[in-house]
Amino acid sequence: MALPLLLCVWLLVAGTHGVKDGDMRLANGDSANEGRVEIFYRGQWGTVCDNLWDLTDASVVCRALGFENATDALGQAAFGPGSGPIMLDEVQCTGTEPSLANCSSLGWLKSNCRHRQDAGVICTNETRGVYTLDLSSELPAALEQIFDSQKGCDLSIRVKVEGEEEEEEEEEEDLGFCAHRLILSANPEAQALCRKPGHNITMRVDAECAPIVRDFIRYFYSRRIGISLSSVKCFHKLASAFGAKQLQSYCGRLFAVLLPQDLSFQTPLDLYAYALATQDPVLQELCVQFLAWNFEALVQAEAWPGVPTALLQILLARSELAVPSELALLTALDVWSQEKHASPGEMEGLVEKVRFPMMLPEELFQLQFNLSLYWGHEALFQKKVLQALEFHTVPFWLLAQHKGLNLTQDAFQPRLYTSPTWSASVTGSSRASSRYGYDSYRYNPYQSFQTPQHPSFLFQAKLVSWTLVYLPTVQSCWNYGFSCSSDEVPVLGLTKSGYSDPTIGYNNKALMLCGGRFVADVTSFEGLKATIPSALGTNASRSASFFPCPAGSFSSFRAVIRPSYLTNSSGVD
């Protein structure tokens, strides 16, 4: 038996032997010089999304693989969709990098793409005998000088500041610029501005954004711009109003730095309303993600009653919603309904998204006594409670067979429940603090805890033992029985002991806490380990935290156990 086992291990290792992070290959092409771009990271190959994919990026791939340059940069899975993770998205290379890993991007494993957007290339060894002197790096500064000189223009831009009195003519004259239509027309970011007919253009801007208009127009010349946290909203507003899509997208990502700074949650709510008004899906998703991961703190904030109904509908639909328990969520919804005075129809839509099967039978029974919502929607509550009680008392195969329930639906899936019943935390430093119900400790890298085997009451007496450990070094991995490479650490380890039911699977998550103040990121336990992202995005060997942690490191880490049935009703005979 030892020989087949060794052979399997050898086959697994041989496929990646000698390959290092950032190595690339072409797959599924008809010849060696073409194919789908795949890049290696952390022991596996993955694809690259075609967002912003161009010939410069493709040339980096081709030269790294021994070709002279690229002739085509292809998208839309031109060489067929790949498999595995999408490693990189929004790659932007200068052309001199040794690998796509060294180019600007959203970071490792940060992508909303699907494999139908996998990038591809066609490479060539033709050099055409041309040797290039490249002074293009001097061009942005030269174009900035042309704009700053305010000479030789054929276009007049008048800035009309909204809200100012008409008689303030002298101030309005100061907000005028001359520009060059030919230069603007060469920049796709400026098309909405330069397409306007005539030689006179009026830009209408808010008074708060007037001071940055000069920098905004200069950006159309140089295609570069410096943005601070105090100016990002105005740049985003101008980019949205005048069709500068790349600047709009870039500013949208910068809001990830701004959102955690206001733990009253008024800024995230205001920015979400602003994102809706400007129709910016990137900013909308950013706000929703922050509010979902920090939902436990949101429901305790003064801003909670001000959460719009439509936004609450989106939040309650998410499985990655961090809350102590489903009962705590329903209780918070009850408070919201009393202060919001929502209509019966709105409340029914929200109650429908509550996952009643995730509440224990005794909690379900007490709803009629503890919730003001109950008697206003008695029929709906009784229907949901009955469904939940069936989930708790009837084996899943009977439910699937006789009730036709799809037990993989959201209603039967746990969220990010942070109560001790389903989670535990460890710390990586002694600076951890406690706030918003997230427990923290002095340096405590190891935690043993138990959870029920499954949310159903049928499994409440069947406990599973877990061990969560923070592993800062390769040596600590060995000490606790984990195998880690030097580029993996620090990492979180999670082991399970006890009986394993073949009908139950686990989709466990790790929450990264910044200073005990907010959840900065959520990662998955793949096998026994969960990646710890770079808190400030300064570590090139690992992906950046979704929301930067100003402290430079995370104060604590919470493992959330999320069991669910593996078998769908469609698979039950």
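Above this text you will find the structure in question.
We now turn to the structure provided with this report. Sequence order as written defines the numbering, with residues in each chain counted from 1. Thresholds applied to this predicted model are a pLDDT of at least 70 for local features of residues and 80 or more for the giving and counting of side-chain atom pairs; totals over whole chains, interfaces and linings are not thresholded and use all residues. Think of the side-chain values as coming from all heavy atoms in the structure, minus any hydrogens and water.

Now for helix α2 (residues 55-64). Burial status follows relative accessibility: with a 1.4 Å probe on protein chains alone, a residue under 20% of its type maximum counts as buried, one over 50% as exposed, and anything between as partly exposed. Put simply, DSSP H or I for four residues or longer makes a helix, DSSP E for two residues or longer makes a strand, and each gets a number counted from the N terminus. Taken together, the buried positions of α2 are Asp57, Ala58, Ser59, Val60, Val61 and Cys62. The elements touched by buried residues of α2 are β1 (24-27), β2 (34-41), β4 (69-74) and β6 (120-124). Pairing of N or O atoms within 3.5 Å defines a polar contact, subject to two protein rules: one partner must be a possible hydrogen donor and the other a possible acceptor, and residues neighboring in sequence count only if both atoms are side-chain atoms. Where α2 starts, the residue carrying a side-chain oxygen 3.2 Å from the main-chain nitrogen of Thr56 turns out to be Asp54. Just downstream of α2 lies Gly66, where phi reads positive at about 95°. Note on contacts: a residue pair qualifies if any of its non-hydrogen atoms lie within 4.5 Å across the two residues.

With that settled, consider the pairing of strand β7 (residues 155-162). Pairing of β7 with strand β8 (residues 176-179) involves 4 bridges; the strand directions are antiparallel. Within β8, the position partnered with Arg158 by the bridge is Gly176. Between any two strands, at least two bridges found by DSSP are needed for them to pair.

Here we come to the packing of helix α8 (residues 232-241) against helix α9 (residues 245-258). Between two packed helices, the angle of one axis relative to the other and the distance separating the axes together describe the packing. Between α8 and α9, whose axes approach to 9 Å, the crossing angle comes to 155°. Judged by the inter-axis angle, α8 sits roughly antiparallel to α9. Between α8 and α9 lies a crossing whose hand is left-handed. Within the contact between the two elements, α8 uses Val232, Lys233, Phe235, His236, Ala239 and Ser240 and α9 uses Leu247, Gln248, Cys251, Gly252, Leu254, Phe255 and Leu258. In terms of residue class, the contact of α8 with α9 is made up of 8 nonpolar, 4 polar and 1 charged. Fitted lines through C-alpha atoms serve as axes, helices being fitted only where they are in contact, and the angles separating the N-to-C directions of these axes extend from 0 to 180 degrees. Note on terminology: angles under 35 degrees are roughly parallel, angles over 145 are roughly antiparallel, angles of 65 to 115 are roughly perpendicular, and the others are oblique. For any helix crossing, the convention is left-handed if the near helix is rotated counterclockwise from the far helix by under a right angle, and right-handed if that rotation is clockwise. Polarity classes work like this: nonpolar for Ala, Val, Leu, Ile, Met, Phe, Trp, Tyr, Cys and Pro, charged for Asp, Glu, Lys and Arg, and polar for all others, with Gly in that last group.

On to the state of the cysteines. Cysteine sulfur atoms that come within 2.5 Å of each other are treated as a disulfide pair. Counting across every chain of the model gives 7 disulfides. The disulfide partner of Cys49 is Cys113, and the gap between their sulfur atoms is 1.9 Å. For the disulfide bridge between Cys49 and Cys113, the dihedral angle about the S-S bond is near -55°, and by the sign convention the bridge is left-handed. On the criterion of sequence distance, the pair formed by Cys49 in the loop between β3 (44-48) and α2 and Cys113 in the loop between β5 (86-88) and β6 is long-range, its members being 64 residues apart. Overall, the relative accessible area of 1% leaves Cys49 in the buried class.

Its location among the elements puts Arg204 in strand β9 (residues 200-206). Along the chain, Arg204 and Glu162 lie 42 residues apart, while their C-alpha atoms are 6.4 Å from each other. Once residues within four sequence positions are removed from consideration, Arg204 is found in contact with Lys160, Glu162 and Phe242.

As for its position among the elements, His392 is in helix α18 (residues 378-393). Within the structure, His392 has its side chain in polar contact with the backbone oxygen of Pro357 (distance 3.0 Å). Here His392 is in contact with Pro357, Met359, Leu360, Pro361, Leu364, Pro455, Ser456, Phe457 and Leu458, once residues within four sequence places are set aside.

Moving on, we get to the pattern of salt bridges. Put simply, a salt bridge is a Lys or Arg side-chain nitrogen that is within 4 Å of an Asp or Glu carboxyl oxygen. The final tally for this structure, using the stated rule, is 16 salt bridges. The partner of Asp206 in a salt bridge is Lys237, and the shortest N-O contact between them spans 2.9 Å. One end of the pair, Asp206, is in strand β9; the other, Lys237, is in helix α8, with 31 residues separating them in the sequence. Given the relative accessible area of 31%, Asp206 is considered partly exposed. A salt bridge links Glu208 to Lys237; its shortest N-O distance comes to 3.3 Å. Here Glu208, found in the loop between β9 and α7 (213-222), pairs with Lys237, found in helix α8; they are 29 residues apart in sequence, far enough to count as distant.

Our next topic: the sheet that holds β9. The mixed open sheet is built from 3 strands, whose spatial order is β8-β7-β9. Bordering the open sheet on either side are β8 and β9, each of which pairs with just one other strand. Sheet twist, expressed as the average angle between the axes of neighbouring strands with direction ignored, equals 25°.

Bringing the packing of aromatic side chains into the picture now. Two rings from Phe, Tyr or Trp (for Trp, the six-membered ring) form a pair when their centres sit within 6.5 Å of each other. Planes less than 30 degrees apart are called stacked, planes more than 60 degrees apart edge-to-face, and all others tilted. Taken as a whole and judged by the stated rule, the model has 25 aromatic pairs. Ring geometry for Phe290 and Phe547: centres 5.2 Å apart, planes at 70°, overall edge-to-face. Linking Phe290 in helix α11 (residues 281-293) with Phe547 in the loop between β19 (529-531) and β20 (556-560), this pair joins segments that are 257 residues apart in sequence. Exposure class is identical for Phe290 and Phe547. Each is buried. Between Trp466 and Tyr506 the ring centres are 5.3 Å apart and the planes differ by 75°, which places this aromatic pair in the edge-to-face class. Of the two residues, Trp466 sits in strand β14 (residues 463-471) while Tyr506 sits in strand β16 (residues 504-506), which places them 40 residues apart along the sequence. Owing to a relative accessible area of 27%, Tyr506 belongs among the partly exposed residues under this scheme. Cluster of aromatic residues (ring-pair linked, three or more members): Phe265, Phe290, Trp293, Phe518, Phe546 and Phe547.

To continue, consider the nonpolar core. Side chains of a nonpolar character, in soluble globular proteins, are inclined to be buried together. Only buried Ala, Val, Leu, Ile, Met, Phe, Trp, Tyr and Cys residues count toward a nonpolar core, and they belong to the same one when joined by side-chain atoms within 4.5 Å. Judged by nonpolar contacts, the single largest core of 130 residues is most densely connected at Phe295, Leu333, Phe356, Leu367 and Leu492. The element best represented in this core is α11, accounting for 8 residues. Here Phe295 is in contact with Trp304, Leu312, Leu315, Leu316, Leu321, Ala322, Val323 and Leu329, once residues within four sequence places are set aside. Ranked by size, the runner-up nonpolar core spans 23 residues in total, among them Ala58, Met87, Leu88 and Cys103.

Turning our attention to the pairing of strand β15 (residues 491-497). If a strand is regular, its side chains alternate between the two faces of the sheet. One ladder, built from 7 bridges, connects β14 with β15; its direction is antiparallel. Within β15, the position partnered with Leu468 by the bridge is Leu494. Inspection of the sheet shows β15 paired to β19 by 3 bridges, in the antiparallel sense. Of the residues in β19, the one forming a bridge with Leu492 is Ala530.

Of the residues making up helix α13 (residues 309-316), those classed as buried are Thr309, Leu311, Leu312, Leu315 and Leu316. With its buried residues spanning 155° around the axis, α13 presents them on a single face. Buried-residue contacts for α13 involve α10 (266-278), α11, α12 (295-298), α14 (326-340) and α15 (344-351). Think of the arc as the fan of directions from the helix axis to the C-beta atoms.

Before going further, it helps to spend a moment on the side chain of His377. Relative to the helices and strands, His377 is located in the loop between α17 (372-376) and α18. When its relative accessible area of 8% is taken as the criterion, His377 is described as buried. Excluding its chain neighbours within four sequence positions, the residues that come into contact with His377 are Pro344, Met347 and Glu348.

In short, shape yes, function no, at least from these values alone.
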